[in-house]
Amino acid sequence: MKILVALKQVPDTETKIKINSEGTALDLSDVKWVTSPYDEYAVEEAMRLKESQGATVSVIAVGDDRVRDVLRNALALGADEALHVSTSEKCEDPFVVATYLANAVRDRGFDLLFFGNKGSGGDHAAVGPMVAELLGIAQANVVVKLTLEQGRFIAERQVESGLEVVEGNLPAVITTQKGLNDPRYPNLKGIMAAKKKEITALPLTESLSPSLQTLKLTLPPPRAEGRQLSGTPQEQAQALFVALQNEAKIF
Amino acid sequence: MILVLCEVKDRHLKKASAESLSAAQSVAASLQVPIAAVFLGAEATGHEEAQNYGAQHIFTCFSPNLAAYSSDLYAQTLITLAQEKKAKVVMGAATALGKDVLPRVAARLQGGYANEIIEILPGSGSFQVVRPIYAGKALMTLGFGDRVAVLSTRPNLFSLQEKKETAQIETLAAPTQDFKAIVKELLAKSTNKPDLTEANVIISGGRGMKEGANFKILEELAEALGGVVGASRAAVDAGWGLPHSMQVGQTGKVVSPTLYIACGISGAIQHLAGMSSSKYIVAINKDSEAPIFKIASYGIVGDLFEVVPALTAAARALKLNGA
């Protein structure tokens, strides 16, 4: 079985977001770059399948040379092959990224394509299902349990009312959610081995224009000044509901 | 034409879908095109309610082949309709289903996909949308140029706009049952409560709850207020047996209830990102310096194990359940 894991490099979730003075782009100068948190479950699930079923695991990322760090990290965790769709700058448009990925993997015969259920940051939650559509294959998104049997998958995915059990044919796109597994950390042996592995650059054959026009970036408006409620717990409780009923008019 | 994918719950139009239709009205006014509601499923119920929210057309496809949800079959049906009607906009609610099917539609239509939008900025001949990025740490204003816009509206953020229309109801040909993946079963939660993303009132607990069993006092307050219980990442990761589906924050759910009560949550930046668009925030914490107080509408410095039961008692006395 051949497995692909698509990785996105994002600012660490502790990052305080700053916007440039023109309000057109994020100021990412002091950012610590990491693998998107949801992608860690994707890598882990792939590594477990490699260990239990002898699958080979390829990882892929789209972007400038900095994204080679997340590929290197996945190699340290045990991935067999790393593919780098190299672009001149950071590529954030979900349709463009999905198209580049679909074109890069179309003829490589993957049975399973893992993605994080969303890239922390852009929060589009789109690239996985877009690749599924562009390749004309099945999908299950926001998956917390995955079982494979004879060319098929059975996935449990989070929905409002509980878990949906989705069954489908391979090849398929699976987007992963926290709860699927406990991701491992790379060990020293893996890190040393990864340094010797090649990262294959896949140059773009065509450059696409973005599907979305980013017109403006702003910080959310500051919240109105709040106030402290004093007294005994009973008095605080009374004061709160009086405020919620009279000022907020919630109840 | 604007296609709005609508969902039905308990035989009625889902509130989140009514919100999508309401949001579609300002897009329709900008582009001067009609709104069409689209219903896919097994049986004919609830769809006529779409004409209360501005739908001038209703397309239905009720077929045994669509009884169980299939992302690719639903996407194909929407794509075919969008192409036939030369739709300029395809939208729906940012529900589990909407977020599953709309990216596929966008990819095939080579459209611009903006999910979880929170605002529409109408214009003359075009429109823009605002959506949060970094779980709400920043907001992005987007335009679509000549591309088809594919949008999902975040639940609870668009107010319902009643606009009575008399819609034509058209039946679409059922797709063949040639699906790639399909839902076989729903493992329903034991409670009938709404999901965090749809809840009006959320009571959340953090590290200050000390152990999972103590969430019982939050359940009691939630019961008294007609709300649901959430948790911070610290609480979910503490090994207290809380499922990740309860987690609010940058790596959990982003929520916008009317009332969010944070109990024993200090307010890490990742948590604030997930809940700071709540309309009213109440923070209960022992530490008066906790960052959560900076964004709270009402702050209570105190021991949550005394304050929360006092809130429950007061809420019961006021009979607030039913909010």
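Concerning the overall build of chain B
And then number 1: Helices and strands together make up the secondary structure of chain B, namely eight helices and 18 strands.
And then number 2: Expected size for 323 residues packed as a compact globule is a radius of gyration near 20 Å; at 21 Å, chain B falls within 12% of this value.
And then number 3: Across its three principal axes, chain B shows a C-alpha extent of roughly 60 × 40 × 35 Å.
And then number 4: Residue burial in chain B is summarised as follows: out of 323 residues, 60% are buried.
And then number 5: Pairs at least 24 residues apart make up 66% of the contacts formed inside chain B by residues separated by at least 6 positions.

What about helix 1 (residues 37-53) of chain A?
Residues and elements named next belong to chain A.
And then number 1: Taking 1.5 Å per residue as the helical rise, helix 1 with its 17 residues ought to reach 24 Å, and the 25 Å between its terminal C-alpha atoms agrees with that figure.
And then number 2: Every buried residue of helix 1 is listed here: Y38, D39, E40, Y41, A42, V43, E44, E45, A46, M47 and L49.
And then number 3: Once helix 1 finishes, G54 follows within two positions and takes phi at roughly 70°, a positive value.

A look at the packing of helix 2 (residues 68-76) of chain A against helix 5 (residues 188-196) of chain A
Residue and element names in this part refer to chain A.
And then number 1: Running from N to C, helix 2 and helix 5 point in directions that differ by 125°, and their axes come no closer than 7 Å. Relative to helix 5, helix 2 is oriented oblique. Seen along the crossing, helix 2 lies across helix 5 with a hand that is right-handed. Packed against helix 2, whose contacting residues are R72, L75 and A76, the element helix 5 presents G190, I191 and A194 at the interface.

Quick word on the confidence of the model for chain B
And then number 1: Looking at chain B, the pLDDT average stands at 95 and 99% of residues meet or exceed 70.
And then number 2: The ipTM assigned to the predicted complex is 0.94, against a pTM of 0.94.

Observations regarding the interface of chain A and chain B
And then number 1: Counting residues at the interface gives 70 residues for chain A, matched by 74 residues for chain B.
And then number 2: For the side of chain A that touches chain B, the secondary-structure elements that each account for two or more residues are helix 3 (94-105), helix 4 (127-135), strand 7 (138-149), strand 8 (152-159), strand 9 (162-169), strand 12 (213-218), strand 13 (227-228) and helix 6 (233-246) of chain A.
And then number 3: A total of nine residues in the side of chain A that touches chain B trace back to one element, the largest contributor, which is helix 6 of chain A.
And then number 4: Class assignment for the residues of the side of chain A that touches chain B results in 36 nonpolar, 22 polar and 12 charged.
And then number 5: In terms of strand pairing, strand 13 of chain A meets strand 18 (residues 298-301) of chain B through two bridges, oriented parallel. For Q228 of chain A, the partnering residue across the bridge sits in strand 18 of chain B and is G299 of chain B.

Here's the deal with the sheet that holds strand 13 of chain A
And then number 1: The strand order 13(A)-18(B)-17(B)-16(B)-14(B)-15(B) describes an open sheet built from six strands, whose pairing is parallel. Each edge of the open sheet carries a strand with a single partner, namely strand 13 of chain A together with strand 15 (228-231) of chain B.
And then number 2: When strand 16 (residues 259-263) of chain B meets strand 17 (residues 280-285) of chain B, the two strands line up parallel, connected through five bridges. Bridging from a neighbouring strand, I261 of chain B pairs with V282 of chain B of strand 17 of chain B.

Some details on the environment of I174 of chain A
All names here are of chain A.
And then number 1: One can find I174 in strand 10 (residues 172-176).
And then number 2: For I174, a count of 31 C-beta atoms within 10 Å translates into the label buried.
And then number 3: Along the backbone, I174 and L202 are 28 residues apart, and their C-alpha atoms lie at a distance of 23 Å.

Quick notes on the nonpolar core
For soluble globular proteins, the rule of thumb is that nonpolar side chains tend to be buried together.
And then number 1: Counting 193 residues, the largest nonpolar core has V5 and L101 of chain A together with V4, V38 and L78 of chain B as the members making the most contacts within it.
And then number 2: Take this core: its biggest share by element is nine residues, from helix 3 of chain A.
And then number 3: Among all residues touching V4 of chain B, those that are not within four sequence positions of it are S20, L21, A24, I35, A36, A37, V38, M91 and G92 of chain B.

Conventions used here
Residues numbered from 1 in each chain as written. Chains lettered and ligands numbered in written order. Predicted model: local features only at pLDDT ≥ 70, side-chain atom pairs only at ≥ 80, totals over all residues. Helix = DSSP H or I, 4+ residues; strand = E, 2+ residues; numbered from the N terminus. Rg over C-alpha atoms; globule rule 2.2 N^0.38 Å. Buried ≥ 20, exposed ≤ 12 C-beta atoms within 10 Å, placed from the backbone. Contact = placed C-beta atoms within 7 Å. Expected span 1.5 Å × (residues − 1). Axes fitted to C-alpha atoms, helices over the stretch in contact; angles between N-to-C directions. Parallel < 35°, antiparallel > 145°, perpendicular 65-115°, else oblique. Left-handed = near helix turned anticlockwise from the far one by under 90°. pLDDT = per-residue confidence, 0-100. Nonpolar A, V, L, I, M, F, W, Y, C, P; charged D, E, K, R; others polar. Pairing = 2+ DSSP bridges. Core = buried A, V, L, I, M, F, W, Y, C linked by C-beta atoms within 7 Å.

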